[in-house]
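# Summary of the model geometry
Chain by chain, the residues:
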Amino acid sequence: MATPGLLLLVDLDGVLYRGAAPVPGVGAVLAARAARGDDVVYVTNNSMWYRAEYVERIRGMGAPAEADRIVSSPRATALYLRDHEPSIRHVLTVGASGMDRELTDAGFRVTRAGDVSEQIRGSGAEGTDGGSGWEAAGRPDAVVVGLDPRIDYLRLAVATDCIRAGALFMATNRDPVYPTDGAIRPGAGSIVAAVEVASGVTPISIGKPAPYLLEEAARAVGRAAAEAIMIGDGLGTDIAAARAVGARSILMLTGVTRWEMLDGLTPGERPTEVAADA
């Protein structure tokens, strides 16, 4: 029986690309590793895009890509709900269309907070004295919160009403910020925090540094997460997630982490290896 190749779990932003620009050499290295028989699976906390939307972008940077080997935080959230919460059928979402598609693909009935928020707008000047968001949303079983670029007060109110009524609270990730080419914007974690404070409920968070995203990525190729090498640019996300599943890790200094940020880390906090480039 042939020995399996390496299992490489690869972060996207800050590793394969920075914004719209590829990180030099990384795509070619990944293509070479895949040609040798290694399993390459991409893992990202980004909750806005459907996994198939990444394929052309990744291939355009010279790296191998198939939709079933791209595991985003909304994809992992959908699979977690399907496998661990069998009573959940109806989900309210606060997020972008890619998250809605991932949940629909997994068999859930999806109601978007933006589609029902106007139903609870009240008659007062601020519109805050309306009815129950839980009733307006059709009494969903769970609320999934990701990055919603169109977030507003009433969407937050709908989500909060549903969670207070007993809906399970799920977060795709808790990243506080979302880097873009020109600025640092609020991330999914900022929206999650608002709902958490308003509802008084702490969510189950799926994205890195929690272990679930890496576990689902390994399962996509029939392997265990502990076999993996996690390649990422974030100490508090990628490297912490690798520790959570007992995997090795390579910290890439091509994204958010600089050499000096490793100073003072304990041996247990350090990555297995550090790479300045490909």
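Our subject in this report is the structure included herewith.

Cut-offs used in this document
- Residues numbered from 1 in each chain as written.
- Predicted model: local features only at pLDDT ≥ 70, side-chain atom pairs only at ≥ 80, totals over all residues.
- Heavy atoms only, no water.
- Helix = DSSP H or I, 4+ residues; strand = E, 2+ residues; numbered from the N terminus.
- Phe/Tyr/Trp six-rings, centres within 6.5 Å; stacked < 30°, edge-to-face > 60°.
- Buried < 20%, exposed > 50% of the residue type's maximum accessible area, 1.4 Å probe, protein only.
- Lys NZ or Arg CZ within 6 Å of the ring centre and 35° of its normal.
- Pairing = 2+ DSSP bridges.
- Axes fitted to C-alpha atoms, helices over the stretch in contact; angles between N-to-C directions.
- Contact = heavy atoms within 4.5 Å.
- Salt bridge = Lys/Arg side-chain N within 4 Å of Asp/Glu carboxyl O.
- Parallel < 35°, antiparallel > 145°, perpendicular 65-115°, else oblique.
- Left-handed = near helix turned anticlockwise from the far one by under 90°.
- Nonpolar A, V, L, I, M, F, W, Y, C, P; charged D, E, K, R; others polar.

The omega angle of the peptide bond from Lys 208 to Pro 209 is 15 degrees, so this bond is cis rather than trans. Inspection of the secondary structure puts Pro 209 in the loop between strand S12 (204-205) and helix H9 (212-219). In this structure, Arg 139 is a non-glycine residue whose phi angle is positive, near 55 degrees. Here Arg 139 is to be found in the loop between helix H6 (133-136) and strand S8 (142-145).

Glancing now at the packing of aromatic side chains. Taken as a whole and judged by the stated rule, the model has one aromatic pair. Ring plane angle 65 degrees and centroid distance 5.0 Å describe the contact between Tyr 80 and Tyr 212, whose orientation is recorded as edge-to-face. In this pair, Tyr 80 sits in helix H3 (residues 73-84) while Tyr 212 sits in helix H9, placing the two residues 132 residues apart along the sequence. Overall, Tyr 212 belongs to the partly exposed group, its relative accessible area being 26%. Taking NZ or CZ as reference, Arg 57 lies 3.7 Å from the ring centre of Tyr 17, over its face. Here the guanidinium or amino end of Arg 101 rests over the ring plane of Tyr 50, the centre of that ring lying 3.7 Å away.

With that settled, consider the sheet that holds strand S1 (residues 7-10). Reading across from one edge, S5-S4-S1-S13-S14-S15 is the order of the six strands in this open sheet, with parallel pairing throughout. Of all the strands in the sheet, just strand S5 (70-72) and strand S15 (273-275) have a single pairing partner and so form its edges. For this sheet, the mean angle separating the axes of adjacent strands, direction not counted, is 20 degrees. Two elements, strand S14 (residues 248-252) and S15, share three bridges in a ladder whose sense is parallel. Across the sheet, the residue bridging to Met 252 is Ala 275, located in S15. Sitting on the sheet, H3 touches strand S4 (39-44) and S5, and the angle it makes with S5 is about 80 degrees. Most of the contacts of helix H10 (residues 235-245) go to S14, to which it runs at about 160 degrees, and overall it touches strand S13 (228-232) and S14.

Before going further, it helps to examine the pattern of salt bridges. What the rule picks out here adds up to 17 salt bridges. The salt bridge involving Arg 33 is made with Asp 38; its shortest N-O contact spans 2.6 Å. Residue classification places Arg 33 among the partly exposed residues on the basis of a relative accessible area of 25%. Between Arg 82 and Asp 83 there is a salt bridge; the shortest N-O distance is 3.0 Å. The class of Arg 82 is partly exposed, set by a relative accessible area of 44%.

Here we come to the packing of helix H7 (residues 153-164) against helix H8 (residues 188-199). In helix packing, the relevant descriptors are the interaxial angle and the interaxial distance, both defined with respect to the helix axes. At their nearest, the axes of H7 and H8 sit 9 Å apart, and the two run at 50 degrees to each other. Judged by the inter-axis angle, H7 sits oblique to H8. For H7 against H8, the interelement crossing comes out right-handed. Residues Leu 156, Ala 159, Thr 160, Ile 163 and Arg 164 of H7 form the contact with H8, whose participating residues are Ile 191, Ala 194, Val 195, Ala 198 and Ser 199. For the contact of H7 with H8, the per-class residue count stands at seven nonpolar, two polar and one charged.

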